[in-house]
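Secondary and tertiary structure notes
Each chain is listed here by its residues.
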Amino acid sequence: MAKYQAIKGTYDVMPAEAAAWQHVESVVRRQARAFGFREVRTPVFEDTALFVKGTGEATDIVQKEMYTFTDKGGRSLTLRPEGTPPVIRALVEHSALKESPCVKVFYLAPMFRYERPQAGRLRQHTQFGAEIVGTDSPLADAEVIALLFTTLARLGLSGLTLRLNSVGCPACRPAYRDTLVAHFRPRLDTLCGDCRERIERNPLRILDCKADRDRVQDAPAMTDCLCPACAAHFDRVKALLKGLGVPFAIDKTLVRGLDYYTRTAFEVASQHLGAQDALGGGGRYDGLVEQLGGDPAPGVGFGAGLERFLLAMRNQGVAVPDGPRPDIYVAALGTAASDKAAELCGMLRGKGYACEQDLQGRSLKAQLREANRINARYVLVIGDDELAKGAASLKDMDTHGQREVPFAELADNIEAYCECSCQG
RNA sequence: GUGGAUAUAGCUCAAUUGGUUAGAGCGCUGGACUGUGGCUCCGGAGGUUGCGGGUUCGAGUCCCGUUAUCCACCCCA
C-alpha cells in the first residue's frame, strides 16, 4: 500500500479514465450551449456566511457537512458544498441582472461535503449545474428541466425517472404546513424518531422519510393546497414538459433538502445506480437573490453529479467514444537517428500532427509494439540506412504498407502521404 | 454519526481441517532469420499476504486492535 493516498472520499482521474470524462464534459458543454447557457466559474471557497444564509442554517449540509476553516486573516471560509449560492453571489456582485434582466448560466465544478462515502457519494464530487435568474416564467422551469433531461439522454442514459412536485410559496406553504402537522400530530407514535423531531423543525421533510414511507401515502399533498398563482404555475410547467416530450411523474413526497426552494421541485433518478440514485435535482428559488442581498429576483436551477453520470453509464454499458488517435509515431534506431527523429517530430507537430517518438532507446520491435499500443496511424522508421539515404520509411499501420519518403519531401508534402484524418 | 462486509503481484483472483521455496490469467518486459506491430510460442521481473500485537512447534489462514476500502442507514449529486 502506498504511503500516501488520496483523501477519503476523493479519487484520481487517471489517463485511462480521462477520455470518458472529456466525453461527458463535452456533451454537457455542447448541450448547455444549445440551450443558450453561458459558463460561470467561481472560486472553490467562499465566506462561510454565504452558505449559512443561502443554503440554509437548518439544512444537513450546513449543520454537519461543510469543510469550514479559518484562514490566517481570521476569516471563516468554506469549500463550496453546492453551486447555487456562489453563482447568485457572483451575479449580484457583478450586477449581472442590471445589464440583462434574465441571465442563463451553467457551471462544471467540484463540490465538497463531509459525508460518509458510498456508491455514488464522495467528499469531493463534480457538479454540472445551471441557473436561470430574473424570470418567474414556467418557461424557465421547463427549460432548465429539459436541459438536464436531454443532456442525460445525449449521454446515452436510459431508465431515467423525472420526479416532479411543487412545494408552494410563502403565500400557501404555511397553511399547508399547518395541515400537515395537524395530520401527523395524532399519529406521532407511529412515526420514526427522526420524524418526531421533524414535525417541530421541518414537517415537510417527514414526506420523504424512507422509514415512514407507508405512513406518508395518505397525508395531504402540497399540490392540493397550492395558492392559485402556484397552482397555475405548476400546471403550465407540466404542460410545457409534455409539449417538450419530457416524461415525468408527480411525486407529492418530493421535498428537497435545501431551504431556498419554492414552487417547482424536481429530481432525475437512474435505474442503473445504487441507493444514491439521483443523477441531479433542483427547483425554483424565488427568494434567494434577495436573501443574498440582491434586488429581489426569481430563479430556477439544478445541480447534477458527473460521477453519477459516469457510474450510470458504466453500469448501463454505454460505450464511450475513443479519443483521437495519434497520427505518427517515429521509431528510431541509434542515437543519430533518435536526434533526427526529434527534429522530424518537431517539424510535424509544427504542422499540426499528433506525433511522438521513443524516449528510452528501445528496440525497433518494442517501438512498433508501442506504436500499435497507442493506435498510431503511421510509423516513420529511421535507422542508419535511412540517414544515409536521406529518406524515412513511412509505414501505414492499418494497411501494413510501407514506402520510402525523402526527409525533404516529408517536410513539404506530408499531407499527400497521410491521407488520414490529420489536421494539417 | 450508526451498521455490515472486505483487505494476498500493477489489475482480477487462487492457496485442502493452520503445515515446506504463496500460484494463475491479464498487464509489463526480453526473445523466436543480430532493423518491423496486432496472433502464436518460449523466457524474465514483480508480493515483509494493509499495519501492529497475540495464540501455536508452525499463521495468508485463528483471536484482538488499528487503518483503509466497499455497501447500506442518514442525507444528497
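Residues numbered from 1 in each chain as written. Chains lettered and ligands numbered in written order. Predicted model: local features only at pLDDT ≥ 70, side-chain atom pairs only at ≥ 80, totals over all residues. Heavy atoms only, no water.

For chain A, the domain assignment lists domain 1 (15–172 + 226–316) and domain 2 (328–423). Computed from C-alpha coordinates alone, the two centres of domain 1 and domain 2 are separated by 49 Å. (Domains from an automatic or database assignment.)

This paragraph deals with the pairing of strand E3 (residues 67–70). Bridge analysis of E3 against strand E4 (residues 76–79) gives four bridges, and the strand direction is antiparallel. Bridge assignment links Phe69 to a residue of E4, and that residue is Leu77. Once E3 ends, the chain turns through five residues before running back antiparallel as E4, passing Gly74 with a positive phi of about 85°. (Pairing = 2+ DSSP bridges. Helix = DSSP H or I, 4+ residues; strand = E, 2+ residues; numbered from the N terminus.)

Among the five residues of strand E12 (residues 328–332), five are classified as buried, and the element is accordingly described as predominantly covered. Neither face of E12 is open: one carries Ile328, Val330 and Ala332, the other Tyr329 and Ala331, and all of them are buried. Of the strand pairs in this sheet, E12 and strand E13 (residues 355–357) are connected by three bridges, and their pairing is parallel. Among the inter-strand pairings, Tyr329 is bridged to a residue of E13, identified as Glu356. Once you follow E12 into helix H13 (residues 335–350) and on to E13, the crossover reads as right-handed. Alignment of E12 against strand E14 (residues 378–382), held across five bridges, turns out to be parallel. Of the residues in E14, the one forming a bridge with Ala331 is Val381. (Buried < 20%, exposed > 50% of the residue type's maximum accessible area, 1.4 Å probe, protein only. Right-handed = clockwise from strand over helix to strand, strands pointing away.)

So, about the protein's contact with RNA strand B. The immediate surroundings of RNA strand B are formed by 45 residues, with Arg113, Arg198, Arg205, Gly257 and His400 found nearest. The sugar-phosphate backbone supplies 49% of the atoms of RNA strand B found within 4 Å of the protein. The backbone of Ala275 places a nitrogen or oxygen atom 3.1 Å from a phosphate oxygen of RNA strand B. At the level of secondary structure, the elements contributing two or more residues to the surface near RNA strand B comprise strand E6 (124–133), strand E10 (278–284), strand E11 (299–305), helix H14 (364–373) and helix H15 (384–389). For the surface near RNA strand B, the element with the most residues is H14, which contributes six residues. (Near = heavy atom within 4 Å. Polar contact = N/O pair within 3.5 Å; in protein donor to acceptor, adjacent residues only side chain to side chain.)

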